[in-house]
Amino acid sequence: MNDKERRIYQKFVRCQDFGNAHATDFAAGSLAAQTWAALGGVVAEIDGHSTNEVSARGDARQGTESRAQGRAALREDLEAIRRTARVMARDVPGINEKFRVPRNNNDQELLNAARAFLADATPLKAQFIAHEMPADFLEDLQAGIDAIQAAISNQSSGVGSHVAAGAALDDAFARGLELVRTLDVIVRNKYANNAAVLAAWTSASHTERSPRRSKPETGSTTSPPPPSS
């Protein structure tokens, strides 16, 4: 939730508390009772969607971080294979053309290159290992490919969930505001001759303004007195 939404949510909670405090003034099953019950449901929805929104935002950020780490690790693996292949070119003609690392950080291009490296290096595994590449360097390369693919998927899922939670919040807030408008009419009609209760409702049902930012103090612009003659 943003600051405006938090203030509207707090209004909903205050209106719900008002309804609970005056529940016995309204008949069970009345429009007022049904509307307050619906508002309570909206408050519960907002709680749930807000939790989902925060969780999804965290998943997206984690996916972004994991993606960056996976990208760096995969590029490091590719550079080691490329470096080794350049030396092997004396015995394996044309090998230099097969192992080229993308210069940019486009993940899809990096993944395509990694898959090509994996396919082209597999028949030459013994030669690479002879040049002291780790015995499981191809397995590490596959793991690096899988890791960045998983990070991309997690990031996309987190972003999608965050968007969905935001849309659900928008819908819940719209319904909640409509319910409060209905309750405002009901309460003002019910307590038309009770100024104290109406004052309590007015306080509960208003949306608080965002706090004003204090203006920075400016230095004095008063000119110094002229020198004495």
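Treat the numbers as computed from the prediction; the structure is a model and nothing was measured. Each chain carries its own residue numbering, running from 1 in the direction its sequence is written. Only residues with pLDDT of at least 70 get local features here, since the model is predicted, and only at 80 or more are side-chain atom pairs given and counted; chain-wide, interface and lining totals rely on the full set of residues. Based on all heavy atoms of the structure, the side-chain values leave hydrogens and waters out of the count.

### Notes on the overall build of the protein
So, step 1. Tallying secondary structure elements over the protein gives six helices and zero strands in all.
So, step 2. Runs of H or I in DSSP of at least four residues are treated as helices and runs of E of at least two as strands, each being numbered from the N terminus. Helices and strands in the protein line up, N terminus first, as α-α-α-α-α-α.
So, step 3. Reported as C-alpha extents along the three principal axes, the dimensions of the protein are approximately 100 × 90 × 20 Å.
So, step 4. Remark: exposure states derive from per-residue accessible area (1.4 Å probe, protein chains only) relative to the maximum for the residue type, with buried under 20%, exposed over 50%, and partly exposed in between. Residue burial in the protein is summarised as follows: out of 229 residues, 33% are buried.
So, step 5. Between two residues, a contact is recorded if the distance between any of their heavy atoms is within 4.5 Å. Counted over contacts in the protein with a minimum sequence separation of 6, partners at least 24 positions apart contribute 74%.
So, step 6. For the protein, the exposed surface amounts to about 14,100 Å²; the carbon and sulfur share of it is 52%. To be clear on the numbers: accessible area is Shrake-Rupley with a 1.4 Å probe, and residue cover counts the displayed protein chains and nothing else.

### Brief notes about unusual backbone geometry
So, step 1. Even without a glycine there, the phi angle at Glu132 is positive, about 70 degrees.
So, step 2. Counting through the fold element by element, Glu132 comes out in the loop between helix 4 (125–130) and helix 5 (137–190).

### What about helix 3 (residues 107–121)?
So, step 1. Given a rise of 1.5 Å per residue, 15 residues ought to cover 21 Å, and the 20 Å separating the end C-alpha atoms of helix 3 matches this to within 8%.
So, step 2. Looking at helix 3, one finds that the buried residues are Asp107, Leu110, Leu111, Ala113, Ala114, Phe117, Leu118 and Ala121. Buried residues of helix 3, viewed axially, fall in a sector of 165 degrees; they line one side.
So, step 3. Buried positions along helix 3 lie against helix 2 (31–88), helix 4 and helix 5. Expected span of a helix, by definition, is 1.5 Å for each gap between consecutive residues, and there is one gap fewer than residues. It is the directions from the helix axis to the C-beta atoms whose arc is reported.

### Concerning the packing of aromatic side chains
So, step 1. Two rings from Phe, Tyr or Trp (for Trp, the six-membered ring) form a pair when their centres sit within 6.5 Å of each other. Planes less than 30 degrees apart are called stacked, planes more than 60 degrees apart edge-to-face, and all others tilted. Here the structure, examined in full by the defined rule, presents ten aromatic pairs.
So, step 2. Taken together, Phe18, Phe26, Trp36, Tyr191 and Trp201 form an aromatic cluster joined through their ring pairs.

### Focus: the side chain of Glu5
So, step 1. The residue Glu5 is located in helix 1 (residues 3–21) in this model.
So, step 2. Within this scheme the basic residues Lys and Arg register as positive and the acidic residues Asp and Glu register as negative, but His and the chain ends are omitted. Within this document, salt bridges are pairs made up of a side-chain nitrogen of Lys or Arg and a carboxyl oxygen of Asp or Glu, the two lying within 4 Å of each other. Buried and unpaired, Glu5 has Arg6 as its nearest opposite-charge partner, separated by 7.1 Å.
So, step 3. Aside from chain neighbours lying at most four places away, what touches Glu5 is Asp170 and Phe173.

### Quick word on the environment of Ile152
So, step 1. Checked against the element boundaries, Ile152 lands in helix 5.
So, step 2. When its relative accessible area of 21% is taken as the criterion, Ile152 is described as partly exposed.
So, step 3. In this structure, the C-alpha to C-alpha distance between Ile152 and Ala60, residues 92 residues apart in sequence, is 9.5 Å.
So, step 4. With near-sequence residues (within four places) excluded, Ile152 lies in contact with Arg67, Asp107 and Leu111.

### Structural notes on the environment of Arg86
So, step 1. Structurally, the position occupied by Arg86 is in helix 2.
So, step 2. We classify Arg86 as exposed; its relative accessible area is 52%.
So, step 3. With 53 residues separating them in the primary sequence, Arg86 and Ala33 have C-alpha atoms 79 Å apart.

The values are spatial; any link to function lies outside them.
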